[in-house]
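# Summary of structural features
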Amino acid sequence: MKRWAALIVAAGMVLAGQHAMATEAQPQQLPDVKTRTKGIIPPGGVLTSKTGGNTVDAETRETKPRADGRYHYDSPKLIQRLKAMNVNTYLFGIWESPTDWDDLRSEFAPLARAAGIDIWLDLVPPSECQADRPEGPYLEGYCSRPFKLDFVAWARNIATLSLQYPNIKAWQIDDFLIGQNQQLFTTQYLAQIKQTQDAINPNLGFLTTMYHWDYTDEHLDRLAPYIDGVLFPYLGGGQSTTDSRYVAAQLDELLAKLTPRHLDLILLLYTDRFLDAALSPSPEYVAESLKQAMPYAADGRIGGIVAYGAPVNYDRRPTIASNNLAQTGEGRLSFAQGIYTTAPATGFAEAYQQVTVDPAAGSYNLRFATYDQVSRTPAKSGKLYKEVLVDDQVVWRSDVADEFGFTWAPASVDLTAALRGKTTAKLSLKLYAQAAAGFPIDVGFDSLVPTGFSIANFGFEDVNPATRAWQFKQQSPIIHGTIDKFTSHQAKDVYDVIAAAFGGHAQPAVPTTPSSPIPGDLPRTGATYQPGGPGTIRNSAMYGKGRLSLFVPERTQTTAGSCVWAEQRMAVDPNAPRYEISWWDYDGFADDLKDYHFKQVTIVTSKEKKLLSNLDAAESPKVWMNGQGNWGAVDITQFVRGETSVVLQFALCEAKGVGDYLVDVGFDEIDAVGLTVTNGDFEQGTTGWTIVSPHPGMRAQVLTAN
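Figured I'd write up the structure that's included with this text.

## Some details on the sheet that holds strand S8 (residues 304-308)
Read around the barrel, eight strands follow the order S1-S2-S3-S4-S5-S6-S7-S8 and close on themselves; strand pairing throughout is parallel. Mean inter-strand twist for the sheet, computed between neighbouring axes without regard to direction, equals 25°. Direction of pairing for strand S1 (residues 46-50) relative to S8: parallel, over a ladder of five bridges. Across the sheet, the residue bridging to Lys-50 is Tyr-308, located in S8.

Right, here's the structure in full:
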């Protein structure tokens, strides 16, 4: 049964009907922007999707490499999924594989044309191009190939291809203004790009991506002569993909800046994970955001909507197992803040409901559990507090920088004084910013057990706004509260939400899901984090139940140069056209612990031992990430060619000795081209692997969830 929201019930159909009647009476007044003059925006707006960096279900590639040793786009399957999702355009990414450009020209473009799907091309700037490393291909990664950062060559070739396939309507370069990118995209260079494409196809659109903070007069005045519009990634009040409060307001704000400059606005809505956000988008969030945005596309105020990371490959895998952070069941209350944000002091997010009190009870008590992903460091103390309130009076409080980071810690509070003599009361759960807090956080509440009164939806299993009982008060632009509900079919649910919205169809109602009784054998005392230990999430694997864990406990002394690892000797296929190794890794983001713990991947051949990847565990987002430097699979052909077997090691190593602060690094889903990997998903325990833990205090093990 699907759980996603009926939040846009027939809204698109009603708006379409109203729009049709209005059109009969008076021609639609479209904004005077360059995309409309070029004719690249269809009626009702561009309704499209795109893959993205480290999304997990957005890209449809073939399941086996071709004769060239590369995974190519599965164009027939992608076309089928796009048609079923009711898109009229696809933003085709040229980034992850050197074969993407050829796949577009020889396979996807003709199929899309036959299917009636327009194409926009998506290229990356210098900040997202890992190419031409003198050390060799093993340090290279994703980039828009074959022309890489020669965007004049891209303009020439895309314009020429658009004459062959008129359904190629536009192209965009990501993130003009991020970091050092703007040093390349000078006005002189942009003029050259524009002149090159216009000489071949003056009706080809050219756009870029600009974040909410980029829309200054200086930036817009500089770019306006050379681009036709912008893609605007919506991130709530700041780095959030669960906060839909500001969709309409931010569209109105940006339209006021763009329309006078004859620039179109395309909303980019994250429908799969964004690496700087604390939580992935839920079906309910996607539905509510589209409910606000679709009228803007329908009446022409904006040029369209991009569903970023739309899970067109929803049947590839189930939902990432470690996304279920609930203590019991599949739901929990979450208060979250993304990376690179600062929550202002006195702000808060709160969930509350009116509870029924038994006046005959002799005493009143609340047992519950809290969870947070915070390493206990001085820089985080005294800023964010978990709170329980009765009738707006604090009855329990705890600093998020307590002893129990990354575990569910039990708590109990006597409410006798607060509830005696009452028949009802307001119960609130809150995350409060006592001081400005500039670090990512995800705080959970779960497993509420009341004595002497009753609580509806005490296990946070019900996400239906009409029946969930909990209401939310959001008094911070950065901290956002929501019920975080895990399902194994979330990707398909999000896909169906997008398909219904783009197709103007009503969506099924959200089912009411009651909370099951809270087990009576939950821990009554807290415990410091141990992988797979008391209070930890039930399954920390990426998929399945197994993963490699490389661990340093709290208050444990390590020495510089010490390592723990797992290794495997892998047979080499002598006939393979190339060789690569791919893996996914995970760690707890802790920006104030840089330069201590490093995730390393090493290859050992008959000739040498070579470090392939060396990533600081404090720098990567706290989600499963793919490959070396987050740049995907590593090309190891230069080391493997001529070998009959090689050894791959996956390690946690100490650059500096520490005396405190835990780290738990995970590796999972290890795969290869041209090598034979045994038990790369760790579903068979240690089979195929040698586990090496030579240093006291550090531990390597394979964890298997129950």
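Text resumes after the structure shown.
## Side note on the nonpolar core
Counting 79 residues, the largest nonpolar core has Leu-104, Phe-108, Trp-171, Leu-265 and Leu-290 as its most contacted members. Ranked by residues supplied to this core, first place goes to helix H10 (residues 283-298) with eight residues. Among residues more than four places away in sequence, those in contact with Phe-108 are Ser-75, Leu-78, Ile-79, Leu-82, Tyr-90, Phe-92, Asp-103 and Ile-119. Counting 41 residues, the second-largest nonpolar core is a separate cluster that includes Phe-368, Leu-419, Phe-460 and Val-510.

## Description of the sheet that holds strand S27 (residues 645-654)
Sheet strands pair via backbone hydrogen bonds, and the direction of the pair is either parallel or antiparallel. Pairing is antiparallel in the open sheet, where five strands are placed in the order S24-S23-S27-S21-S29. Two strands in the sheet have a free side with no partner beyond their single neighbour: strand S24 (609-616) and strand S29 (690-692). Strand-to-strand twist of the sheet, defined as the mean angle between neighbouring strand axes without regard to direction, takes the value 15°. When strand S23 (residues 597-604) meets S27, the two strands line up antiparallel, connected through eight bridges. By the bridge assignment for S27, Thr-602 is matched with Gln-649.

## Quick notes on helix H9 (residues 247-258)
Here H9 is 12 residues long and its end C-alpha atoms lie 16 Å apart, about the 16 Å a rise of 1.5 Å per residue gives. Buried residues of H9: Val-247, Gln-250, Leu-251, Leu-254, Leu-255 and Leu-258, and no others. Buried residues in H9, looked at end-on, bunch into an arc of 135°, giving them a common side. Packed against the buried residues of H9 are helix H8 (217-223), strand S6 (229-234), strand S7 (264-270) and H10.

## Examining the pairing of strand S10 (residues 348-357)
Counting buried residues along S10, seven of its 10 residues qualify, which places the element largely inside the surrounding structure. Where S10 and strand S15 (residues 424-433) come together, nine bridges link them in antiparallel fashion. Looking at the pairing, Phe-348 lines up with Tyr-432 of S15. As judged from the four bridges shared by S10 and strand S18 (residues 471-474), these two strands associate in the antiparallel manner. Within S18, the residue paired with Tyr-352 across the bridge is Gln-471. As paired elements, S10 and strand S17 (residues 453-454) share two bridges and run antiparallel to each other. Within S17, the position partnered with Val-357 by the bridge is Phe-453.

Rules used in this analysis
Residues numbered from 1 in each chain as written. Predicted model: local features only at pLDDT ≥ 70, side-chain atom pairs only at ≥ 80, totals over all residues. Heavy atoms only, no water. Pairing = 2+ DSSP bridges. Helix = DSSP H or I, 4+ residues; strand = E, 2+ residues; numbered from the N terminus. Axes fitted to C-alpha atoms, helices over the stretch in contact; angles between N-to-C directions. Core = buried A, V, L, I, M, F, W, Y, C linked by side-chain atoms within 4.5 Å. Buried < 20%, exposed > 50% of the residue type's maximum accessible area, 1.4 Å probe, protein only. Contact = heavy atoms within 4.5 Å. Expected span 1.5 Å × (residues − 1). Arc of directions from axis to C-beta.

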